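Chain residues, written in single-letter form:
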Amino acid sequence: MLDEAAVILREINFDYLRVNARVGLGDPAGIGMLFGLVSALKGVLSCSDRFKLNVLPVFETDALECDIEAGFRIGRFYRIIAPAIRIFRISGEKKERNKVDIAGGVPAA
């Protein structure tokens, strides 16, 4: 699935990307590790004015709130169709497997 995502991302040119998010894992240690990663990512993205990443930690509970604004162009649209279909098929197969696991080995009707 990463190969398909890489093909898609190579064809997308971002004019700008702004992300505002609140993230909570319910575990302060997990939040600390996540924000270490976010800080590194912000450092890499800070070299361009086109990317803004603002993430606020929520320590007391699980949380995910995200506001994303983006402007982008797709170079050669025809090159992303097949990889996108493969990604959707893979995610659909995973959902079906999860239904079987939740139902105790019996496919859900």
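Keep in mind the model is a prediction, meaning the values are calculated, not measured. (Residues numbered from 1 in each chain as written. Predicted model: local features only at pLDDT ≥ 70, side-chain atom pairs only at ≥ 80, totals over all residues. Heavy atoms only, no water.)

Colleague: How would you summarise the environment of G32 if you had to cite specific residues and measurements?
Modeller: Within the secondary structure, G32 sits in helix α2 (residues 28–45). Sequence separation of G32 and F59 is 27 residues, and the distance between their C-alpha atoms is 9.6 Å. (Helix = DSSP H or I, 4+ residues; strand = E, 2+ residues; numbered from the N terminus.)

Colleague: Tell me what's going on with the side chain of E4, and back it up with residues and numbers.
Modeller: Within the secondary structure layout, E4 lies in helix α1 (residues 2–10). Judged by relative accessible area, which is 14%, E4 ranks as buried. Here E4 is in contact with P83, R86 and I87, once residues within four sequence places are set aside. (Buried < 20%, exposed > 50% of the residue type's maximum accessible area, 1.4 Å probe, protein only. Contact = heavy atoms within 4.5 Å.)

Colleague: Before we move on, can you summarise the packing of aromatic side chains with the specific residues and values?
Modeller: For any pair of aromatic rings, the description rests on two quantities: the centre-to-centre distance and the angle between the ring planes. For the coordinates displayed, the defined rule picks out one aromatic pair. Where F14 meets F72, the ring centres are 6.0 Å apart and the plane angle is 55°; that geometry is what we call tilted. In this pair, F14 is assigned in strand β1 (residues 12–25) and F72 in strand β3 (residues 62–74), connecting sequence segments 58 residues apart. What makes F72 partly exposed here is its relative accessible area of 44%. (Phe/Tyr/Trp six-rings, centres within 6.5 Å; stacked < 30°, edge-to-face > 60°.)

Colleague: Before we move on, can you summarise the environment of L2 with the specific residues and values?
Modeller: Following the sequence through the fold, L2 ends up in helix α1. In sequence terms L2 and I87 are 85 residues apart; their C-alpha atoms lie 9.0 Å from each other.

Colleague: Can you break down a nonpolar patch on the surface residue by residue, with the values?
Modeller: A cluster of nonpolar residues, F72, I74, F77, Y78, I81 and I85, forms a patch on the protein surface that exposes about 600 Å² of accessible area. Broken down by secondary-structure element, the contributors of at least two residues to the nonpolar patch are β3 and α3 (78–102). Sort the elements by how many residues they give to the nonpolar patch and α3 lands first, with three residues. Relative to the helices and strands, Y78 is located in helix α3. Exposure remark for Y78: the relative accessible area of 58% places this residue in the exposed category. (Patch = residues over 30% accessible without salt bridge, like charges linked within 9 Å, V, L, I, M, F, W, Y side chains within 5 Å. Areas by Shrake-Rupley, 256 points an atom, 1.4 Å probe, with all protein chains shown as cover. Salt bridge = Lys/Arg side-chain N within 4 Å of Asp/Glu carboxyl O.)

Colleague: Any details on α2? Residues and values, ideally.
Modeller: Its 18 residues give α2 an end-to-end C-alpha distance of 25 Å, which sits within 8% of 26 Å, the value for a rise of 1.5 Å per residue. Tucked inside the fold, the buried residues of α2 contact β1 and β2 (51–57). (Expected span 1.5 Å × (residues − 1).)

Colleague: For the pattern of salt bridges, give the residues involved together with the corresponding values.
Modeller: Using the criterion set out here, one finds six salt bridges in the structure. Across the salt bridge formed by E11 and R76, the nearest N and O atoms sit 3.1 Å from each other. Highlighted residues: E11 in the loop between α1 and β1 and R76 in the loop between β3 and α3, separated in sequence by 65 residues. Across the pair R79 and E11 runs a salt bridge whose closest N-O atoms are separated by 3.5 Å. Placement of R79 in helix α3 and of E11 in the loop between α1 and β1 is noted, with a sequence separation of 68 residues between them. Given a relative accessible area of 36%, R79 falls into the partly exposed group.

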